[in-house]
Amino acid sequence: MTDSERAARSLYDILRQERAKGFDDSAVIGGLDAFLKRASSELGAVLDDIPTYGTLTPAERSDWADRAVEKIRERLSRNGRAPARSESAARPPKSEPSAKPRPRRRAPRAPLKMSDPVSAVKGVWKKNLSRLEKIGVTTVGDLVHLFPTRHNDFSSIRTVAELLPGDNQTAILTVWEASETMLGRQRSTQAVLGDETGNIRAVWFNNPWLASQLKSGAKVMLSGKVNVFMGSPVFQGPEYEILDGSDQAIHTGRLAPVYPSTQGLSQRVLRTIVKRALDLCLDQLGEFVPEGVLHRNGLIGRRHAVRQMHYPDDWDAFRAARRRLAFDELFLLQLSVVRRRLEWKERGGAVPLSFDPSALGSFLDSLPFELTEAQLQSARDVLTDVASDSAMNRLLQGDVGSGKTVVAVVAILAAVHSGRQAAFMAPTEVLAEQHYLTVCGLLGADMSDLSGGNIQRIEVAGLDRPLVIALLLGGHRKRAKDDLHSLMSAGMIDVVIGTHALIQDAVDIPNLALAVVDEQHRFGVLQRAALRGKGERPHVLAMSATPIPRSLALALHGDLDVSVIDQMPPGRRAIRTRFVDEERRAAAYAFVRKEVEAGRQAFVVCPLIDESEVIQTKAAQEEYRRLSTDVFPDLGVDLLHGRMSLQEKQRVMDGFKEGGTDILVSTPVVEVGIDVPNATVMLIDGAERFGLSQLHQFRGRVGRGKHQSYCLLLSESPGTEAMKRLKLLERISDGFSLAEEDLKLRGPGDYLGTRQSGIPPLLVAQITDQDILSMAHRESRRLLSQDPDLSRDEHRPLAQAFEQHWERSITEVS
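Residues numbered from 1 in each chain as written. Predicted model: local features only at pLDDT ≥ 70, side-chain atom pairs only at ≥ 80, totals over all residues. Heavy atoms only, no water.

Enquirer: How would you explain the sheet that holds strand E18 (residues 601-605) if you had to name every residue and give the values?
Expert: One open sheet holds the 6 strands; their spatial order is E17-E22-E21-E18-E20-E19, and the pairing between them is parallel. Among the strands making up the open sheet, the edge pair consists of strand E17 (576-581) and strand E19 (637-640). Shown here is a sheet whose adjacent strand axes are inclined to one another by a mean of 20°, direction ignored. Sheet topology note: the E17/strand E22 (residues 710-715) ladder contains 6 bridges and is parallel. Bridging from a neighbouring strand, Thr 577 pairs with Cys 711 of E22. Each of E17, E18, strand E20 (663-666), strand E21 (679-685) and E22 touches helix H18 (residues 585-597); the most contacted strand, E21, lies at about 160° to it. (Pairing = 2+ DSSP bridges. Helix = DSSP H or I, 4+ residues; strand = E, 2+ residues; numbered from the N terminus. Axes fitted to C-alpha atoms, helices over the stretch in contact; angles between N-to-C directions. Contact = heavy atoms within 4.5 Å.)

Okay, structure coming up:
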């Protein structure tokens, strides 16, 4: 077959497809005119009339197709290559009645539904079911919502002469030859292809079966990067599409989706089955966002958004699709947050707590320091809240060392002054112990005498009787816990500080009127609810020393009132922070020695080796031995770790505060509650192993006195991401600015732990989508103010979607 005959036959097949599609100019990617232009010289020998097809009406295209088909048949019939009449592109013949009985037709398959198992999709082989399950796909609906992680931009279509090494690009080519070959030790396919501007070679490693599919003379579209090998351009492992006019390209010539995958599950398989699911089921997706909300915010329809999210027409279409689907997720999230806030405010039933102004004044006068204006304002916020029968639900945020605990103590004293009980829950035993010691100290306890062990009776300025405070930990002996349970149940404990042990079934706090939760994002949703459930309607004060970015606070805590302590106590100086590589370890130790010799003190935090406290303790003990015997044998070095008893920890901390210890070696879990104004150096060994927030917590242990303080980040071989964190810490000292950057680097799942935070997994949205999040928060407040129960007819689809979202959220974050 000559080139002109081959081109004529290709045009004949294209025109058949055009008639089947109603002459809509979709049988050829980019339009039929592109083909006619490329093949004009070959077709000129067959046709004397080659129009600009795109300018014709469908009727004119049909007439021209009839004439073209007859000329092609006439030309090909001379060499016995004319298509059979049954293949006619002009008018398909009417079927003739046959004497033979027609075969029985199979019953039509039931329409595919979103709830059907994924195995119902054509092309999903049994061997792939377990692989699909690994990426969370078990139903057809899961396929529809398996959104791409990114797109390869294959939309740039070039001729061979225009291909550039290194770019993602696409070429429409004719296969000249393709064969199976050995490349190294792999059976592979190589092919030579070309267009009117030149030829190029393509290779597919470890893919020998492809050679049989790439027929000589076939038109294909290749997309990928071109490399140069021995001076010639080569497509290496490109995506390919054989252009038979029957299907829209999904792998090449466009923004091609790249899906989450697993071993043995190729992108070609995923694209193919996702596309089938979309084509068959997309119409089943209903619209649940009210039309007014879509119109006000310029959001596209849901079905269109889902299709464009998978196969966008261009980048603008993708961005519009992502914006709509991200809004859907954040809108449902904000509806739940705002509804919780409204319900909490409207229920009432809390016990109003009062704190006599003179008693409050006596307590504040007893403190060895004056509260900052930010602390005083936060205390006023809290006292105003607890004076109401509507239960307080407030978040108290403040940077390391800003003085949140004293505000919590004011709330605790209001509860005790009103004859009620208070509970203070911390996420770890070490942190609970630190809070116990700190609160006892603020209340005026003699910290040199802890003979009372886990129960202290303290004479507090402003109270007419001793206050009884207790520490409850899961690690305590059973008899000690049982005794404490009895005292709490009898109302003889005013304040109990503890860990998860507080929410055990055996714990009864009958007069609980205030629940304080520290580092509350480290508790699960149901754990926080369990503490509230110990009382009738207790006031809740959540505290966080981990600064929470505004965007994350809105998503997590839109149901809370927020107080921020954004002032540091007077006299605080910025801490100079420096990264120190392993080669300069000796210089770092020399700097520590210099500060000690000048009369200062230093912390050394051991590397985070394992989550096991036993292993951390062992590492700290080994580091203590090395530093005390090899590095600083002439200095006073002491050790602090989480497995010490409360009395041992207090002895070590008192020795450090009083200046008897020059260098305190500690495990990473000891990150709060130590206030030593004379300490000027925080050396963090293995700094690359910690997150930004924890590094910032460590840094906050120094800089509390009049002398310049320093934080040394010692790291042996930080990776790229770790180095970004360490450099941010060098540059930024403000905890909230640091938190924003940390969130950008790690995302909310790593930043707080998605399951613990109360945020359900998000498929499209990111918590850093602050503009979309603010829009969702605004619209949810507006909607619920008009229809709190979503009971109006026009809100029924939204109510159903919200109910499904709420049930899924509780399951996934509990």
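Enquirer: Tell me what's going on with unusual backbone geometry, and back it up with residues and numbers.
Expert: The general pattern is negative phi for most residues beyond glycine and trans for most peptide bonds. Here the phi dihedral of Asn 206 falls at roughly 55°; this positive angle occurs in a residue that is not glycine. Tracing the backbone through its elements, the reader meets Asn 206 in the loop between strand E4 (198-204) and strand E5 (219-229). A positive phi angle, close to 50°, is found at Leu 790, a residue other than glycine. Summarising the element assignment, Leu 790 is placed in the loop between helix H24 (770-786) and helix H25 (796-813). On the accessibility criterion, Leu 790 (4% relative accessible area) is buried. (Buried < 20%, exposed > 50% of the residue type's maximum accessible area, 1.4 Å probe, protein only.)

Enquirer: Go over the sheet that holds strand E13 (residues 495-498) with me, naming the residues and quoting the values.
Expert: Within a beta sheet, neighbouring strands are joined by backbone hydrogen bonds and run either parallel or antiparallel to one another. Strand order in the open sheet formed by 8 strands is E11-E12-E13-E10-E14-E15-E9-E16, and the pairing between neighbours is mixed. Looking at the sheet topology across the chains shown, the edges are occupied by strand E11 (455-458) and strand E16 (561-565). Between one strand and the next, the sheet's axes are offset by a mean angle of 15°, whatever the strand orientation. Note: strand E14 (residues 512-518) against strand E15 (residues 539-544), 5 bridges, orientation parallel. Opposite Val 517, over in E15, you have Ala 542 as the bridge partner. In this fold helix H14 (residues 429-442) packs onto strand E10 (421-425), E11, strand E12 (467-472), E13 and E14, with an angle of close to 165° to the strand it touches most, E12.

Enquirer: Summarise the pattern of salt bridges; cite the residues concerned and give the values.
Expert: Counted according to the given criterion, the structure contains 25 salt bridges. Residue Arg 465 pairs with Asp 494 through a salt bridge whose shortest N-O separation is 3.0 Å. With Arg 465 in the loop between E11 and E12 and Asp 494 in the loop between helix H15 (478-489) and E13, this residue pair connects regions lying 29 residues apart in the sequence. Given a relative accessible area of 7%, Asp 494 falls into the buried group. Between Glu 582 and Arg 585 there is a salt bridge whose closest N-O contact spans 3.0 Å. Taking relative accessible area as the criterion, Glu 582 reaches 30% and is therefore assigned partly exposed. Of the residues examined, Arg 585 reaches a relative accessible area of 16% and is grouped as buried. By sharing partners, the salt bridges in this structure join Glu 239, Arg 268 and Arg 271 into a single network. (Salt bridge = Lys/Arg side-chain N within 4 Å of Asp/Glu carboxyl O.)

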